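One letter stands for each residue in the lines below.
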Amino acid sequence: MMHKYKNNEAKNCLVDKHIAFIGDSRIRQLFYSFVKIINPHFKEEGNKHENIPFEDKIASVKVDFLWHPEVNGSMKQCIKVWTEDPVAKPHVIVAGAATWSIKIHNGSNEALSQYKMNITSIAPLLEKLAKTSDVYWVLQDPVYEDLLSENRKMITNEKIDAYNEAAVSVLNSSTRNSKSHVKMFSVSKLIAQETIMESLDGLHLPESSRETSAMILMNVYCNKILKPVDGSCCQPRPPLTLMQKLAACFFTLSIVGYLVFYIIHRNAHRKNKPCTDLESGEEKKNIINTPMSPLEILLQSLCKLGLIMAYFYMCDRADLFMKENKFYTHSTFFIPIIYILVLGVFYNENTKETKVLNREQTDEWKGWMQLVILIYHISGASTFLPVYMHVRVLVAAYLFQTGYGHFSYFWIKGDFGVHRVCQVLFRLNFLVVVLCIVMDRPYQFYYFVPLVTVWFMVIYVTLALWPQIIQKKANGSCFWHFGLLLKLAFLLLCICFLAYSQGAFEKIFSLWPLSKCFELKGNVYEWWFRWRLDRYVVFHGMLFAFTYLTLQKRQILSEGKGEPLFSNKISNVLLFISVVSFLTYSIWASSCKNKAECNELHPSVSVVQILAFILIRNIPGYARSVYSSFFAWFGKISLELFTCQYHIWLAADTRGILVLIPGNPMLNIIVSTFIFVCVAHEISQITNDLAQIIIPKDNSSLLKRLACTAAFFCGLLILSSIQDKSRY
């Protein structure tokens, strides 16, 4: 993966540095493209066959081009001066030349022999410089022979290959007892093989290609200094943190513990195995399949989780697998969407109940939305604004369901116990907490989980605080309905205050220990931006749930199988309004010109398309009576899919794509997707199993577990502080 350096990043990396490009017109091209990364306004002007200086005095960056079109005594003298004068010696040297030698000597074999002799005499000097500086020898790009002018016809690809072979053989063998420190810069040659036919003269690369070469050169030098996440080349693997080492020890012990337990259990089972009566052929005693003990389930779950986390680490922290950049095209987004739509329609079944937003329907909704979001991420479709705005609605719809689902549960059940809260918080956060430790990432990095966690707590506090108003109590008097609406109005007031008071929001979430959860890159701005982007939609979900459940209780809705939700006339009118609203939003989103302006309107208008979809999906009785089991299956593991994609489907923290099988994109995506979905499903099972063990229903046991959990997180905070100090 190649990080695209901005000029301020380039200046940061190259501060107080001197870079020298020495060679012919091709090296001059590379020099210009490199300088334009630092200063995009730098112009290609002046005499082409002379030295060209560049200096940024503010950043204290100096880049020079030295005109030496042949590998000869002149180039050797220039390099020799650097070996003798440590002050003048550049930090980075980029050298290369050959085409002038071919041209001047008409491609003769004698010229090739002389080139080899000259480069042999320069090699020890380059090797000496390479011990303290970064030295790159640029291999010659191929030419497009049909476009070459008459005075360049002798520059053939056959000759260029011969000169490249000579340079590689000499420079790689310049040190007898160790590997050469001079690096071969061959990427430009590889790029030219694909793009040289777009050249204007057959010799020089088109501008886009040389810009790529220059950016790769910047990656080669700067990645090890700035360590960008999406720059997978040329930077050392980050050292294991203390928490990662402790996690590795814990999972190793869990795996060993489970293996020991399994061996002991298996031996005990063999001893109790029934023997067969030889005469009758019948077993003397019946086999009783004993259920797994909680300890066995715990060890098995931790063993599987340990192996899965090792896979996560190998995919996105070790240098075991390649990563590649995303390149968006309409086909890479829309064709997979059509595939999954066809599959989803094909696998349809009847629902167990025909209520609005029944369980099968909400699972289906989560499922297809999650699949669209996954395709959106892997195709890099965020660069296409209409798709971005529609996906923003899908994220808002998830949060709408959070408001709808949790409000409905508390309103109907009236269960505000600690057990319920712990169950929800554990299921939401277990995987993310483990990933924060194993992958050394802050909690806010997995922004969606903090978002749904905070909103769950907001819903809980809103409804649990005095006076607790639930459906059972409200049925006796409309006064309680009014009281609940007052609570919701106060919640809306608080949301509006925090949305338009960034200072107050940041002060609240910058308090320790909240800051440890919500800070990203040293501040909580990212958290404020994410929260603000969908600030009203959870409230809309709660209000919709209250309205729907009230109408349902008063038997205003017809939710029988095959029946429209309202009378035919009202149903048709609402369907028409819903379709028009849905399409109107899509037209507006598709005509968006500016992401910032559209994001400003999104919190207020996203609910239009969400409500329109709910009505279209639920007003017709036949639509409410069926669901897609294909989408519903994915919906049940949607949270795990969303979180796992960061490291084992995408790569470099979602900025790239994981490459398990290089050279075959289609096979790679099939294999990596299969593993990714299997892992997400397994983690969902592990989370459910551990939730049953770790969160008991008995209150006294639960309080003890909560005390242990508090101690665990205190330990994490202490270890995190120690790590931060050591990094600083």
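Residues numbered from 1 in each chain as written. Predicted model: local features only at pLDDT ≥ 70, side-chain atom pairs only at ≥ 80, totals over all residues. Heavy atoms only, no water.

Draft legend 1. Structural context of the domain arrangement of the protein. Splitting the protein by domain gives domain 1 (7-226), domain 2 (321-695) and domain 3 (698-727). Put simply, the middle of domain 1 and the middle of domain 3, counted by C-alpha atoms, are 55 Å apart. (Domains from an automatic or database assignment.)

Draft legend 2. Structural view of a nonpolar patch on the surface. A surface patch of nonpolar side chains, about 360 Å² in accessible area, is lined by L242, L246, I718 and I722. Sorting the residues of the nonpolar patch by element identifies helix 9 (242-271) and helix 28 (699-727) as the ones contributing at least two each. You can see L246 is positioned in helix 9. (Patch = residues over 30% accessible without salt bridge, like charges linked within 9 Å, V, L, I, M, F, W, Y side chains within 5 Å. Areas by Shrake-Rupley, 256 points an atom, 1.4 Å probe, with all protein chains shown as cover. Salt bridge = Lys/Arg side-chain N within 4 Å of Asp/Glu carboxyl O. Helix = DSSP H or I, 4+ residues; strand = E, 2+ residues; numbered from the N terminus.)

Draft legend 3. Spatial organisation of the state of the cysteines. Tallied over the full model, the rule gives three disulfides. Here C233 engages in a disulfide with C234; their sulfurs sit 2.0 Å apart. A residue is classified by how much of its surface remains accessible, and C233, at 27% relative accessible area, is partly exposed. Between the sulfur atoms of C592 and its disulfide mate C598 the distance is 1.9 Å. Of note, the bridge from C592 to C598 carries an S-S torsion of about -125° and is left-handed in sense. Both residues of the pair, C592 and C598, count as buried. Numbered by order of appearance in the sequence, the disulfide-linked cysteines of the protein pair as 1-2, 3-4, 5-6. Of all cysteine sulfurs in the structure, the one in C315 sits closest to C644, which takes part in no disulfide; the separation is 11 Å. (Disulfide = S-S within 2.5 Å. Buried < 20%, exposed > 50% of the residue type's maximum accessible area, 1.4 Å probe, protein only.)

Draft legend 4. Seen up close, the environment of L514. Relative to the elements of secondary structure, L514 occurs in helix 19 (residues 514-518). Under the relative-accessibility criterion, L514 is labelled partly exposed at 34%. Filtering out sequence-adjacent residues up to four positions away, L514 remains in contact with I508 and F509. (Contact = heavy atoms within 4.5 Å.)

Draft legend 5. Region of the structure containing helix 5 (residues 109-130). Taking 1.5 Å as the rise per residue, helix 5 with 22 residues should run 32 Å; its terminal C-alpha atoms sit 30 Å apart, in good agreement. Maximum bend of helix 5: about 35°, positioned at I122, with proline P124 one to four residues after it. The inward-facing, buried residues of helix 5 contact helix 3 (73-84), strand 4 (92-96), helix 4 (99-104), strand 5 (134-138) and helix 6 (157-172). (Expected span 1.5 Å × (residues − 1). Bend = angle between axes of the 7 residues up to and from the residue.)

Draft legend 6. Molecular detail of the packing of aromatic side chains. Tallied over the full model, the rule gives 54 aromatic pairs. An angle of 80° between the planes, with centres 5.7 Å apart, marks the rings of Y398 and F448 as edge-to-face. Taken together, the positions of Y398 in helix 13 (residues 385-413) and F448 in helix 15 (residues 448-464) put the pair 50 residues apart, joining distant regions of the chain. Residue Y398 shares its accessibility class with F448, and that shared class is buried. Taking the centre distance of 5.2 Å and the plane angle of 10° together, the rings of F410 and F416 count as stacked. Each member of the pair F410 and F416 is classed as buried. Among the aromatic residues, those joined into a cluster by ring pairs are F21, F31, Y32, F34, F42, F54, F65, W67 and W100. Residue placement shows R530 over the ring face of Y447; its charged tip is 3.8 Å from the ring centre. (Phe/Tyr/Trp six-rings, centres within 6.5 Å; stacked < 30°, edge-to-face > 60°. Lys NZ or Arg CZ within 6 Å of the ring centre and 35° of its normal.)

Draft legend 7. View of unusual backbone geometry. The step from W466 to P467 runs through a cis peptide bond, and the omega angle for that step is -5°. Take P467: it is sitting in the loop between helix 15 and helix 16 (471-474). Of note, the amide linkage connecting W512 to P513 takes the cis form, showing an omega dihedral of 5°. Position of P513 among the secondary structure elements: in the loop between helix 18 (502-509) and helix 19. At T654, a position not held by glycine, the phi torsion is positive, near 80°. One can find T654 in the loop between strand 10 (650-651) and strand 11 (656-659).

Draft legend 8. Layout of the nonpolar core. Ranked by internal contacts, the top residues of the largest apolar core, which has 138 residues, are M309, F312, W365, F448, W531 and I610. Ranked by the residues each element gives to this core, the list is headed by helix 13, at 17 residues. Taken together, domain 2 (321-695) and domain 3 (698-727) each give at least three residues to this core, which thus spans both. Apart from the residues within four sequence positions on either side, F312 is in contact with R317, L435, M439, C644, H647, I648, V679 and I683. Formed by 38 residues, the second largest nonpolar core is a distinct cluster that contains L30, Y32, F34 and M218. (Core = buried A, V, L, I, M, F, W, Y, C linked by side-chain atoms within 4.5 Å.)

Draft legend 9. Highlighting the pattern of salt bridges. This structure, assessed with the given rule, holds 14 salt bridges. Put simply, R210 and E44 hold a salt bridge, and the shortest N to O gap is 2.9 Å. You can see R210 sitting in helix 8 (residues 207-226) and its partner E44 sitting in the loop between helix 2 (25-38) and strand 2 (52-56), a full 166 residues away along the chain. Of the residues examined, E44 reaches a relative accessible area of 39% and is grouped as partly exposed. In this structure, the salt-bridge partner of D653 is R441, at a minimum N-O distance of 2.7 Å. Placement of D653 in the loop between strand 10 and strand 11 and of R441 in the loop between helix 14 (418-438) and helix 15 is noted, with a sequence separation of 212 residues between them.

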